[in-house]
Amino acid sequence: MQKIEKREKVLVCGGAGYIGSHTVLALERAGFEAVIVDDLSNSKASVLDRLQQIAGRSFKFYRLDLCKPRETLELFRQESPAAVIHFAGYKAVGESVEKPLMYYRNNLDSTLSLLEAMQKAGCRRFVFSSSATVYGGVTRMPLHEDDPTSCTSPYGWTKVMIEQILRDLCVADKAFSAVLLRYFNPIGADPSGLIGEDPQGIPNNLMPYITQVAVGKLDKLHVFGKDYPTPDGTGVRDYIHVSDLAEGHVAALDFSRRSVGCRAFNLGTGQGVSVLELVHAFEKASGQKIPLQIEGRRAGDIAECYADPSLAEEVLGWKACRDLEEMCRDSWNWQKNNPGGFPES
Ligand code: UD1
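Now for a description of the structure that goes with this document. (Residues numbered from 1 in each chain as written. Predicted model: local features only at pLDDT ≥ 70, side-chain atom pairs only at ≥ 80, totals over all residues. Heavy atoms only, no water.)

Observations concerning the nonpolar core
Counting residues in each nonpolar core, the largest one holds 44 residues, and the members touching the most others are Leu 27, Leu 51, Leu 181, Leu 253, Phe 265 and Trp 318. When residues no more than four places from it in sequence are discounted, the contact partners of Trp 318 are Ile 240, Asp 244, Glu 247, Gly 248, Ala 251, Asn 266, Leu 267, Gly 268, Ala 312 and Glu 313. (Core = buried A, V, L, I, M, F, W, Y, C linked by side-chain atoms within 4.5 Å. Buried < 20%, exposed > 50% of the residue type's maximum accessible area, 1.4 Å probe, protein only. Contact = heavy atoms within 4.5 Å.)

In structure tokens form, the structure reads like this:
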């Protein structure tokens, strides 16, 4: 990636989380100055020490709830960032079904307060952490950015709604640049093994469940469904290395410097991988056997979900380059070095 002359300051909201922390590293490596904002509601302060160990320098950090407009505006007055990447938000699908108001309140309020502060401070470059979940109703694969958006959970609807808010904002403010990054399934970790995914409680997602079985924290993997119309009957997803995803944000920031308006991009590899294929790739990369049991389908799951990632390559000049073996190796490296996740600090 091209180095820039003056270090451009970027506010990384939710920068202590899984994707946020990897993006902080990618920004540092590309010559940006990342300022981390996080309320630590779903992350630990020790992430910051780990980032310092990897980067060889400390990062400025604000512990802040973005739903508070006054404090958020004050932050912009102090830092005057050139751009914002917004990862901060609740993200558990099941929990969002049980507590929809909490999800709408938090995810929408924080985004609105952030955008209002940006407007007052004259900051007009925004990269948003969206998700493939916005393609809710689409069954024809691969998924393309022009496909219609819809959703099946309050969490997903917050993504659809925020995308719409950004589209509307770009109509009203012709100088505003919003980049919507629709993530597929991030796995893997920085190869240092110092940062990685650290879910609270029993993981909902496949890879952290597998790594916790491998490390002995969980007995066996429950495979949700073996009767899907896929080659081996298990669900197919587009797994992407979190470092590739992080580099996609750097490309999006570069793009936002030379563009205005609202654009959406898929960040995936374009390769569909089944649950059993992922398990076998993990076993090979880690040397660990993963006991498993086939169960019924999980409510709300779909058979297949994978990206057409060609638009990001064409327009952003970004393409995922790490393969499944590397994803599995790095996920395992993180988990085995940190069986209990990040230390409490
Ligand atoms: C899930 C979310 C999605 C979110 C994404 C973020 C749901 C319904 N969807 O997607 O909104 O954007 O995570 O990463 O939660 N599987 C098992 N056993 C497990 C866990 C998963 O067999 O213990 C299977 C699933 O049935 C699926 C595949 O593994 O076929 C991937 O599941 P998961 O990691 O939860 O991701 P998504 O379902 O794609």
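Moving on from the coordinates now.
A few points about the pairing of strand 4 (residues 83-86)
Neither face of strand 4 is exposed, since Ala 83 and Ile 85 on one face and Val 84 and His 86 on the opposite face are all buried. Relative to strand 4, strand 1 (residues 9-13) runs parallel, the two being bridged by four bridges. Residue pairing in the sheet places Val 12 in a bridge with Ile 85 of strand 4. Of the strand pairs in this sheet, strand 4 and strand 5 (residues 125-131) are connected by three bridges, and their pairing is parallel. Within strand 5, the residue paired with Ile 85 across the bridge is Val 127. (Helix = DSSP H or I, 4+ residues; strand = E, 2+ residues; numbered from the N terminus. Pairing = 2+ DSSP bridges.)

Quick notes on the sheet that holds strand 14 (residues 304-305)
Ordered by their spatial adjacency, three strands build an open sheet running 12-9-14, and the pairing between neighbours is mixed. Of all the strands in the sheet, the pair left with one neighbour each is strand 12 (273-274) and strand 14. Relative to strand 14, strand 9 (residues 236-237) is paired through two bridges, and the arrangement is parallel. Across the sheet, residue Val 236 finds its bridge partner in strand 14, namely Glu 304.

Examining the environment of Leu 114
Tracing the chain through its elements places Leu 114 in helix 5 (residues 100-121). With 46 residues separating them along the chain, Leu 114 and Lys 68 place their C-alpha atoms 9.1 Å apart. Ignoring any residue separated from it by four or fewer positions in sequence, one finds Leu 114 in contact with Cys 13, Leu 66, Thr 72, Phe 76, Val 84, His 86 and Phe 126.

Looking at the pairing of strand 5
For a regular strand, side-chain orientation follows a simple rule: the groups alternate between the two sheet faces. Within strand 5, seven of the seven residues are buried, which leaves it mostly tucked inside the rest of the structure. In strand 5, alternate side chains face the same way, and those of Arg 125, Val 127, Ser 129 and Ser 131 on one face and Phe 126, Phe 128 and Ser 130 on the other are all buried. Bridge analysis of strand 5 against strand 6 (residues 177-183) gives seven bridges, and the strand direction is parallel. Its bridge partner lying in strand 6, Phe 128 is registered against Leu 180. With respect to chirality, the unit in which strand 5 leads through helix 6 (residues 154-172) into the neighbouring parallel strand 6 is right-handed. (Right-handed = clockwise from strand over helix to strand, strands pointing away.)

Some details on the site of the ligand
In the vicinity of the ligand, 19 residues are found, and the nearest of them are Leu 206, His 222, Arg 237, Arg 298 and Asp 301. Here an oxygen atom of the ligand and a side-chain polar atom of Asn 205 are 2.9 Å apart. Between the ligand and the protein, one listed contact pairs an oxygen atom with a side-chain N or O atom of Asp 301 at 2.5 Å. Coverage of the ligand by the protein amounts to 85% of the 740 Å² it exposes when considered alone. (Near = heavy atom within 4 Å. Polar contact = N/O pair within 3.5 Å; in protein donor to acceptor, adjacent residues only side chain to side chain. Areas by Shrake-Rupley, 256 points an atom, 1.4 Å probe, with all protein chains shown as cover.)

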